[in-house]
Protein chains: 2
Amino acid sequence: MMETPYVLIRQDAVERNIAKMAALAAENGVKLRPHVKTHKMPHLAELQLRAGACGITVAKVGEAEVMAEHGIRDLFIAYPIVVPSKIERAVRLARNVRLSVGVDSLEGAQALSREAEAQGVELPVRLEIETGLRRTGVEPESAVRLGLEIARLPGLRLDGIFTYKGAVYKGAATLDLKAAGKEEGELIVAVAGEMRRAGLAIEHVSVGSTPTAAYAAGVPGVTEIRPGTYIFNDAMQLRLGVCTQEECAAAVVVSVVSIPAPDRIVVDGGSKTFATDVQPNQPPLQLCGFGTIVGYPDAVLERMNEEHGVIRMSGPHSLSIGDTLSIIPNHICSTINLHDAVYMTDGRNFQRYDIAARGRVQ
Amino acid sequence: MMETPYVLIRQDAVERNIAKMAALAAENGVKLRPHVKTHKMPHLAELQLRAGACGITVAKVGEAEVMAEHGIRDLFIAYPIVVPSKIERAVRLARNVRLSVGVDSLEGAQALSREAEAQGVELPVRLEIETGLRRTGVEPESAVRLGLEIARLPGLRLDGIFTYKGAVYKGAATLDLKAAGKEEGELIVAVAGEMRRAGLAIEHVSVGSTPTAAYAAGVPGVTEIRPGTYIFNDAMQLRLGVCTQEECAAAVVVSVVSIPAPDRIVVDGGSKTFATDVQPNQPPLQLCGFGTIVGYPDAVLERMNEEHGVIRMSGPHSLSIGDTLSIIPNHICSTINLHDAVYMTDGRNFQRYDIAARGRVQ
């Protein structure tokens, strides 16, 4: 029984999105390692692998464990794993699957090295490079020094570098995306060159992000892309011009529970149903809304409490209490993480899929 | 094994918060019906009931079902229940526990009436009154007319009215809270008076919100308060001056995973760990941060991605990679909803409690 609010996935759109990104990677001669934090569902990871992905990307050890339990054999944790208990879990996992992990500090690498030695594993690691997001990652000018130090540690094999230049979300024009993707690719390829000249065997040169994938993949020397959102797309991608509304494969279906005024409609989904984290420098949410309401381009989901979504209607409408609306969330990755399951439809039948890695932040 | 990030609850602070609100209700001669959407845990609802709460408030039928399964016998769904499948579930529940539900439209009340008749139940309902939030609820001037219509419907017993004037969050000064609480109470008491003069038996006159509880409870004629956040408090309540930091009973414990620059620390909790929904008219998050970092009053959790929290340090610090920090979230209700469990501590031992109603938005 599908009670509102629930996440509805259009299977044909998902399949087209998967095929499109797989083709983009193939055309550019790069590997595709999708970030599964967007969907957190082994079933969708398998569809991505069947379409040609070389493996998957995850953010946390807990996500990796869930995916491995469901049969995924090639995983990269694009995150610094530094806590001893998590390192123990990651190395244990690496005994059974092809697992590599991110590093961005010597302390972290040393702890990984000790545990890999203790468990008798050679653990592939990739050094994270900072390219403008000012989050994790080592500054490009420190990459050679730290890379050489890591390469000397027993139990580890430094075989790649990676970055995520999320700062792309600053701009909203296609031209900015092109420039940002190109810049991201060129920056990290330059770092790879320096590290190789210092004798390091950098096999993987990996970049992130759905909106820049098309441009970063085209930079010679980039070997891998790690987009995540593309499988569903969302209202942020729509505003960035990265996808069409037809390519937004996921929406939240809500019910109208109250129509207290002619221009105001209240639905049964709020901030426990729609994620409210958006990238900085997006338009104010009161203007662009907390999602895109399918079929009502002028209506704005302008306010939310935990279980209420308040929609401002722009004119006369024929909606009644009990009617349903489909709303494309601003940020699908964190929206999916609020739900226990999604419903996938081929237009006739509905199949429930548990979001197996939901909440696996540990 | 408590892996970061995890929610840590200080048991003594929870118990003091529960006792304090219970005392406030008793002193003012009003009933206390805490909103359990904040914690979503039957164990904590039981503590509230044992301290004198008359019953609990929930937002959704799914929350009510979970609480009833765990033995809670007196529940109010402070939400318009209008979808047939949800009405069927609510009325079914009402056959086994004392359940009342919110209404704010004749259509909704008629549907409830039909189902209550069909299942042979007399369902208590409360009419929601709009007092400034512009969300759900009927305008005060329409309350008598709609109340009379609802009172005529078979299967229903209209025995109360309720409101939630969340607009209080506009101001951040104690004086505003006092005025807002008083206004909320006086508005709804006036409506109750008009409805009684029209012959309606309005027994329950119920108001919401932790910050206004102390002031709304003092308005003669208010019979019940429904605060939720007070059990834990959070950084928003702290900024409103409603609680002290010592009274913030819940924090998220995170690990430092990267220190890429002297003034920048990255922790392993982002927007999948800390809720990002805040009430409007709060200071910009870049300034006040996404939470209050215990022991580091000048440090600001200024940016988040899904699994990264970026903290700007104000000066020299002695934190190292792998250290843990406790962060009081801005909004605890929606933060709890991101997690599967919490850990409660008496200072020595740690007890895990599942968040049984997490994600029960249906």
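Everything here concerns the structure above.
Model, not experiment: these values are computed from the prediction.

1. Digging into the packing of aromatic side chains
Aromatic rings in a pair are described by how distant their centres are and how their planes are angled relative to each other. All names here are of chain A. Taken as a whole and judged by the stated rule, the model has four aromatic pairs over all chains. With a centroid separation of 5.6 Å and an interplanar angle of 80 degrees, the aromatic rings of Y6 and Y343 are classed as edge-to-face. Residue Y6 is located in strand β1 (residues 6-10), and its partner Y343 is located in strand β16 (residues 341-345); the two are separated by 337 residues in the primary sequence. Side by side, Y6 and Y343 carry an identical accessibility label, which is buried. We note K60 situated over the ring of Y79; from NZ or CZ to the ring centre the distance is 5.2 Å. Positioned above the aromatic ring of F76, the side-chain terminus of R126 is 4.4 Å from the ring centre.

2. So, the interface of chain B and chain A
Often, the extent of an interface is quoted as the loss of accessible area upon association of its parts. Contacts between the two partners involve 60 residues from chain B, matched on the other side by 60 residues from chain A. Here chain B meets chain A over a buried area of about 5000 Å², counting both sides, of which 46% is carbon and sulfur. When residues of chain B are sorted by the area they lose upon contact with chain A, E3(B), R135(B) and K272(B) head the list and together hold 13% of the total. Here chain B is connected to chain A by twelve salt bridges.

3. What about the sheet that holds strand β9 (residues 224-226) of chain A?
All names here are of chain A. Spatial strand order, β2-β9-β8-β7-β6-β5-β4-β3: eight strands in an open sheet with parallel pairing. Only two strands of the sheet have a single partner each, and these edge strands are β2 (31-32) and β3 (56-58). Of the strands in this sheet, β5 (98-103), β6 (123-128) and β7 (156-162) are in contact with helix α6 (residues 143-151), which crosses β6 at around 165 degrees.

4. What to know about the pairing of strand β10 (residues 250-261) of chain B
Residue and element names in this part refer to chain B. Of all twelve residues making up β10, ten are buried, and the element is well covered by its neighbours. The sheet contact formed by β10 and strand β15 (residues 324-329) spans four bridges and is antiparallel. In the strand pairing of β15, V254 is matched with L325. Here β10 pairs with strand β11 (residues 264-267) via three bridges, running antiparallel. Across the sheet, residue S258 finds its bridge partner in β11, namely V266. If you look at the hairpin formed by β10 and β11, you'll find two residues sitting between the two strands.

5. Things to note about the relation of the copies chain B and chain A
Note on the identical chains: chain B maps onto chain A by a rotation of 180 degrees and an axial translation of 0.0 Å, with an RMSD of 0.0 Å. Given the turn and translation reported, the copies of this chain are related as if by a two-fold rotation axis. No C-alpha of chain B approaches the rotation axis more nearly than that of T276(B), which lies at 2.9 Å. A share of 100% of interface residues in chain B that are also interface residues in chain A marks the association as one of identical surfaces.

6. With respect to unusual backbone geometry
Residues and elements named next belong to chain A. A cis amide bond links T4 with the next residue in sequence, P5, at an omega value of -5 degrees. Looking at the element boundaries, P5 is found in the segment before β1. Even without a glycine there, the phi angle at N233 is positive, about 60 degrees. Topologically, N233 is positioned in the loop between β9 and α9 (235-240). Taking the relative accessible area as the measure of exposure, N233 reaches 5% and is therefore buried.

7. Considering the pairing of strand β7 (residues 156-162) of chain B
Residue and element names in this part refer to chain B. With six of seven residues buried, β7 lies mostly within the body of the structure. Pairing of strand β6 (residues 123-128) with β7 involves six bridges; the strand directions are parallel. Directly across from E128, in β7, lies its bridge partner F162. Looking at chain direction, β7 and strand β8 (residues 204-208) are connected through three bridges and run parallel. The residue bridging F162 from the neighbouring strand is S206, located in β8.

8. Considering the packing of helix α4 (residues 84-94) of chain B against helix α5 (residues 106-119) of chain B
Residue and element names in this part refer to chain B. Orientation of α4 relative to α5, taken along the N-to-C sense of each, is 50 degrees, at an axis distance of 9 Å. When the axes of α4 and α5 are compared, the pair comes out oblique. α4 and α5 meet at a crossing whose hand is right-handed. Across from I87, E88, V91 and R92 in α4, the residues of α5 making contact are G108, A111, L112, E115, A116 and Q119. In terms of residue class, the contact of α4 with α5 is made up of five nonpolar, two polar and three charged.

What counts as what
- Position labels on residues start from 1 in each chain and follow its written sequence.
- In the order they appear in the text, chains get letters beginning with A and ligands get numbers beginning with 1.
- Local features are withheld for residues below a pLDDT of 70 in this predicted model, meaning they are given only at 70 or higher, and side-chain atom pairs are given and counted only at 80 or more; totals for whole chains, interfaces and linings count all residues.
- Side-chain measures here rest on the full set of heavy atoms in the structure, leaving out hydrogens and waters.
- For Phe, Tyr and Trp, where Trp contributes only its six-membered ring, two rings pair if their centres lie within 6.5 Å, and the inter-plane angle classes them as stacked under 30 degrees, edge-to-face over 60, or tilted in between.
- By the criteria applied, helices consist of DSSP H or I runs no shorter than four residues and strands consist of E runs no shorter than two, each listed in order from the N terminus.
- For every residue, the accessible area (1.4 Å probe, protein chains only) is compared with the maximum for its type, and the residue is labelled buried under 20%, exposed over 50%, or partly exposed between those bounds.
- Consider the ring centre and the ring normal. A charge sits over the ring if Lys NZ or Arg CZ is within 6 Å of that centre and within 35 degrees of that normal.
- Working rule for contacts: check all heavy atoms of both residues, and any pair within 4.5 Å makes them a contact.
- Once two parts are joined, some of their accessible surface, as seen by a 1.4 Å probe, is lost; buried area is that loss totalled over both.
- One speaks of a salt bridge when a side-chain nitrogen belonging to Lys or Arg is within 4 Å of a carboxyl oxygen belonging to Asp or Glu.
- At least two DSSP bridges between two strands are needed for those strands to be called paired.
- Where helices are involved, their axes are fitted lines through C-alpha atoms of the stretch in contact, as for all axes, and angles between N-to-C directions lie from 0 to 180°.
- Least-squares fitting of one copy onto the other uses the C-alpha atoms of those residues that reach a pLDDT of at least 70 in both copies.
- With respect to orientation, any angle under 35 degrees is reported as roughly parallel, any angle over 145 as roughly antiparallel, any angle of 65 to 115 as roughly perpendicular, and every other angle as oblique.
- Crossing handedness: left-handed means the near helix sits turned counterclockwise from the far one by under a right angle, and right-handed means the same turn made clockwise.
- Just so you know the grouping, Ala, Val, Leu, Ile, Met, Phe, Trp, Tyr, Cys and Pro go in nonpolar, Asp, Glu, Lys and Arg go in charged, and all remaining residues, Gly too, go in polar.

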